[in-house]
Amino acid sequence: MSSQSDGGGSDTPEGVDLAEGIDHQVAMVMDLNKCIGCQTCTIACKTNWTEGGGRDYMYWNNVETRPGSGYPKDWEEMGGGWKSEEHAERQPGQLPEKEEYGRAWEFNHEQIFYEGSDEPLRPMDGAEWGPNWDEDQGAGEYPNSYYFYLPRICNHCTHPSCVEACPRSALYKREEDGIVLVDQDRCRGYRYCVEGCPYKKVYYNSVTKNSEKCIFCYPRIEGEGPEGEVRAPSCAEDCPPQLRLVGFLDDEDGPIYKLVNEYEVAVRLHPEYRTEPNVYYIPPFAPPQHSERGESLDSERIPRNYLEELFGPEVNEALNTIERERAKVERGEESEVMDLLTTENPAKQYRLEVFDEE
Amino acid sequence: MTMKPKELTLAAALAVALVATTVAVPALVEARPAYAVPVHEGGEDASFASPGSQDWDAAPAATLHMSSAESGLPNASSTSVEQVDLQAVTTDERLYLKLSWADATRDTSTSDVREFADAVAVQLPVNESARPPIAMGGASNRVNVWFWRADGTSQELLAGGAGSTTPLDDTVSNASRYENGTWEVVLSRDLESSATNRTAIPDDRDLDVAVAVWNGSNGERSGVKAASSWHYLALGGGPQGPPYELLLWAVAGAAIVVTTLVTVEGVRRTRGES
């Protein structure tokens, strides 16, 4: 059950449910309309945290094409999460296969760069599936095919089923900011967390024999970023189109609270898993459908029921609100929603020091 | 009165069979209390570090019956191993435990996200004055766990309840082999240890012991395990069957023989064959 924390309880804004015992909750909003699928976030994360040491196959941050199978392949069919809003009984989950993640391929760099081969650069063998393998495939028929990109990290859920799944309490939510972490000393590699996470964002490291996951770049948040400064997670800061906003869900003056709670334009991925993610998405708009002759039709290109499958029924009101706000701007009126979504001021995108004085 | 030679032979054979049975049965059923694990005193020249050593043949085995431990974890009741044979040997310096159990699958890898390795653990109380709760002991009554896993992991752990295992600095020695669908694992430790939180192995009284096994390819790990109830290593000597049990069995055997002969004679007389 949701309950307000002792630490920030009295000041917690209306409509914000913090996990029990949590002072504040970090959160992220990703604007899917800006994602160009360049994977810079993926590489930023990988070079920071998952290079080698049993982590080759892990992408704590990945970007997958939608509609598509995702990473790991068909993760939405693997169970996990909660059976009801009471968060009393977990939905059984399963472990992905190695092939469903995709292997870390060896490439023919040696032959091309040093042996004079004129072969194209490519994986040497076994490349049959990998992250974003179905890139840009999408769905629909010409001229109305469609796709969009979905960047995913750990959702640092308010009711994390990975934490509940661990028989050793090796996973926990940090009191100060609700980041979900795996205590590497407690973990014994049982992988119940991997089964239990419905987003498949906990990974097993077969070298350390422990499970590992996105840490929301907590050292950067704590002031150990470049030049010893407080910085947002590198997936956010390194994003070329700057599609991510980072802050605290319970910071009433911050962009997250406004987009999620006040205007309700940022929605959760698969709310039916009931883990209450703290990563939110601005749903994607696409050009309307076209006729064979290239005329715009009054019909949405991305089927609304597909977006509902991903983001729940709340996506409808979110899309309607954004449409109204865009119309306001087109008429020359003010729109705080559009200001928040189009700001180029890093101080407005990333608000991470707001509770530092506590 | 004359017994026909044929009848006489039959009665004699019956009597011999009964005597043989009465003598053999106690040995077959291991004449000792139900939860005792006999401790064999290994000679100076004997070697027990390897499960294949012939010296193990001299150590009697206790068969521990295993059942799925209660853990609340998914598939907790579907464990596959039903019994483990436990042999115990002390030498002047070390305690050796050999665990043998049938497992049709030899699972030694933990290198894929879906792979779990076979494993076995021995649980001993840290302080043997009171018997700890069977499920990994309790907060005020902790246990040592000797843990071996087929991927090469070997650890000595301290636990005070489910989910609390913590590695100790010391580690048990281990050796294993898998033959004909059976795992044989030898775990051993020095008898003497002054380390805190480490079981002090007594030489004058019994020591509680319990065993757990995991079948990796059945997804068994953590609390999903086949576990025994508490048994004890008979380190304290005491009644272990012979000689008084042998005496009782001998008296019983003689009584059965006499009864049989009397009955045969009675039947013969009743038929008026005298």
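- In the nomenclature of an unreviewed UniProt entry, chain B corresponds to Complex iron-sulfur molybdoenzyme family reductase subunit gamma from the organism Halorientalis persicus.

- The name given to chain A in an unreviewed UniProt entry is Respiratory nitrate reductase beta subunit, with the source organism recorded as Halorientalis persicus.
- As stated in UniProt under Subcellular location (unreviewed entry), the record for chain A gives "Cell envelope".

**Some thoughts on the nonpolar core**
- Val-29, Cys-193, Ile-256 and Ala-266 of chain A are the most contacted members of the largest nonpolar core, which totals 84 residues.
- With five residues, the single largest contributor to this core is strand E1 (residues 26-31) of chain A.
- With residues up to four places along the chain from it excluded, the contact list for Val-29 of chain A reads Arg-244, Leu-245, Pro-255, Ile-256, Leu-259, Val-260, Ala-266, Tyr-280 and Ile-282 of chain A.
- Membership of the second largest hydrophobic core comes to 52 residues, among which are Leu-99, Val-145, Ala-159 and Val-186 of chain B.

**Some words on the sheet that holds strand E9 (residues 267-268) of chain A**
Residue and element names in this part refer to chain A.
- If you trace the four strands from one edge of the open sheet to the other, you get E8-E1-E10-E9, paired in mixed fashion. The open sheet has two edge strands, strand E8 (244-248) and E9, and neither has a second partner.
- In this sheet, E8 lies alongside E1 in antiparallel orientation, the contact comprising five bridges. If you follow Val-26 over to E8, its bridge partner there is Phe-248.

**Quick look at the environment of Asn-205 of chain A**
All names here are of chain A.
- Tracing the backbone shows Asn-205 in strand E6 (residues 202-205).
- On the basis of neighbour counts, which here come to 21 C-beta atoms within 10 Å, the residue Asn-205 falls in the buried class.
- Residues Asn-205 and Arg-55 lie 150 residues apart in sequence; the distance between their C-alpha atoms is 6.2 Å.
- If sequence neighbours within four positions are ignored, Asn-205 has contacts with Gly-54, Arg-55, Asn-210 and Glu-212.

**So, the UniProt feature "domain: Cytochrome c-552/DMSO reductase-like haem-binding" (unreviewed entry) in chain B**
- Mapped onto this structure's residue numbering, the UniProt feature "domain: Cytochrome c-552/DMSO reductase-like haem-binding" (unreviewed entry) falls at residues 53-226 of chain B.
- Each end of residues 53-226 of chain B is marked by a C-alpha atom, and these two atoms are 27 Å apart; helix forms 0% of the span and strand 41%.

Definitions and cut-offs
Residues numbered from 1 in each chain as written. Chains lettered and ligands numbered in written order. Predicted model: local features only at pLDDT ≥ 70, side-chain atom pairs only at ≥ 80, totals over all residues. UniProt positions renumbered as here; feature names shortened; annotations may be inferred. Core = buried A, V, L, I, M, F, W, Y, C linked by C-beta atoms within 7 Å. Buried ≥ 20, exposed ≤ 12 C-beta atoms within 10 Å, placed from the backbone. Helix = DSSP H or I, 4+ residues; strand = E, 2+ residues; numbered from the N terminus. Contact = placed C-beta atoms within 7 Å. Pairing = 2+ DSSP bridges.

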